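Chain by chain, the residues:
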Amino acid sequence: MVPVKDRIIKVTFNADVHASLQWNFRPQQTEIYVVPGETALAFYKAKNPTDKPVIGISTYNVVPFEAGQYFNKIQCFCFEEQRLNPQEEVDMPVFFYIDPEFAEDPRMVNVDLITLSYTFFEAKEGQKLPLPGYN
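Residues numbered from 1 in each chain as written. Predicted model: local features only at pLDDT ≥ 70, side-chain atom pairs only at ≥ 80, totals over all residues. Heavy atoms only, no water.

Asks: Provide a residue-level description of the overall build of the chain, including the pertinent values.
Replies: Counting its secondary structure elements, the chain contains 0 helices and 9 strands. Along the chain, helices (α) and strands (β) appear in the sequence β-β-β-β-β-β-β-β-β when read from the amino end. Once the C-alpha set of the chain is aligned to its principal axes, its extents read approximately 50 × 35 × 20 Å. Within the chain, the fraction of its 135 residues that count as buried is 41%. A separation threshold of at least 6 residues defines the contact pool for the chain, and within that pool the share at least 24 residues apart is 76%. A total of about 8,200 Å² of accessible surface is found on the chain, and carbon and sulfur atoms cover 50% of it. (Helix = DSSP H or I, 4+ residues; strand = E, 2+ residues; numbered from the N terminus. Buried < 20%, exposed > 50% of the residue type's maximum accessible area, 1.4 Å probe, protein only. Contact = heavy atoms within 4.5 Å. Areas by Shrake-Rupley, 256 points an atom, 1.4 Å probe, with all protein chains shown as cover.)

This is how it looks when you write it as structure tokens:
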């Protein structure tokens, strides 16, 4: 993978928590600058302020939507459920890169800002998350 040094992209980070989950969840940085083809590491912080263990699972999205196909996560807390014990606080890494082909796509020519957003939900035994757009 060859980095595209002349194409700098600002990546911003967002964090949300579904109303059913009482966690505190936030990005540890508001933004970083990357170039396609180079890996980057960002962190989120989550805390379970309750007096019982809670398991959470996250979904993510990338904006603009068209840039999502170039956003590749190598390691992410979103790959599996996260169990936090009472009052536990953890750092959650996201190791990612933007595919160098991003710089070749004419639809991305004016894209210099990408937002990575996560939403955490409480994971309950046997519960299925609804698929977006389907009833």
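Asks: Provide a residue-level description of the state of the cysteines, including the pertinent values.
Replies: Scanning all chains against the criterion turns up 1 disulfide. Here Cys76 is linked by a disulfide to Cys78, with a sulfur-sulfur distance of 2.4 Å. Residues Cys76 and Cys78 are joined through a disulfide that is right-handed, its torsion about the S-S bond being 130 degrees. Cys78 sits in the buried class, given a relative accessible area of 12%. (Disulfide = S-S within 2.5 Å.)

Asks: Help me get a handle on the nonpolar core, residues and values and all.
Replies: Core analysis: the biggest nonpolar cluster contains 34 residues, and Tyr44, Phe77 and Phe96 have the highest contact counts within it. Elements with a contribution of two residues or more to this core: β1 (9-17), β3 (31-34), β4 (39-47), β5 (54-63), β6 (71-76), β8 (89-98) and β9 (113-122). Examining the composition of this core, we find that 5 residues originate from one element, β8, more than from any other. If near-sequence neighbours (up to four positions away) are discounted, Phe77 is found in contact with Phe25, Tyr44, Ser58, Gln82, Met92, Pro93, Val94, Tyr118 and Phe120. (Core = buried A, V, L, I, M, F, W, Y, C linked by side-chain atoms within 4.5 Å.)

Asks: Any details on the pairing of β3? Residues and values, ideally.
Replies: Residues Ile32 and Val34 line the buried face of β3, whereas the alternating positions Glu31 and Tyr33 sit on a face that is not buried. Where β1 lies against β3, 4 bridges are found, and the strand directions are antiparallel. Considered in β3, the bridge of Ile9 is made with Val34. (Pairing = 2+ DSSP bridges.)

Asks: Which residues make up the sheet that holds β8, and what are the values?
Replies: Within the open sheet, the 4 strands sit side by side as β2-β4-β8-β6. Their pairing is antiparallel. Pairing within the sheet leaves two strands with one partner each, and these edge strands are β2 (24-27) and β6. The average angle at which neighbouring strand axes cross in this sheet is 25 degrees, direction not considered. The sheet contact formed by β6 and β8 spans 5 bridges and is antiparallel. From the neighbouring strand, Phe71 faces β8, where its bridge partner is Ile98. (Axes fitted to C-alpha atoms, helices over the stretch in contact; angles between N-to-C directions.)

Asks: Break down the side chain of Asp105 for me, with residues and values.
Replies: As for its placement among the helices and strands, Asp105 is situated in the loop between β8 and β9. A relative accessible area of 10% means that Asp105 is categorised as buried. For Asp105, the residues in contact, after removing those within four places along its chain, are Gln69 and Tyr70.

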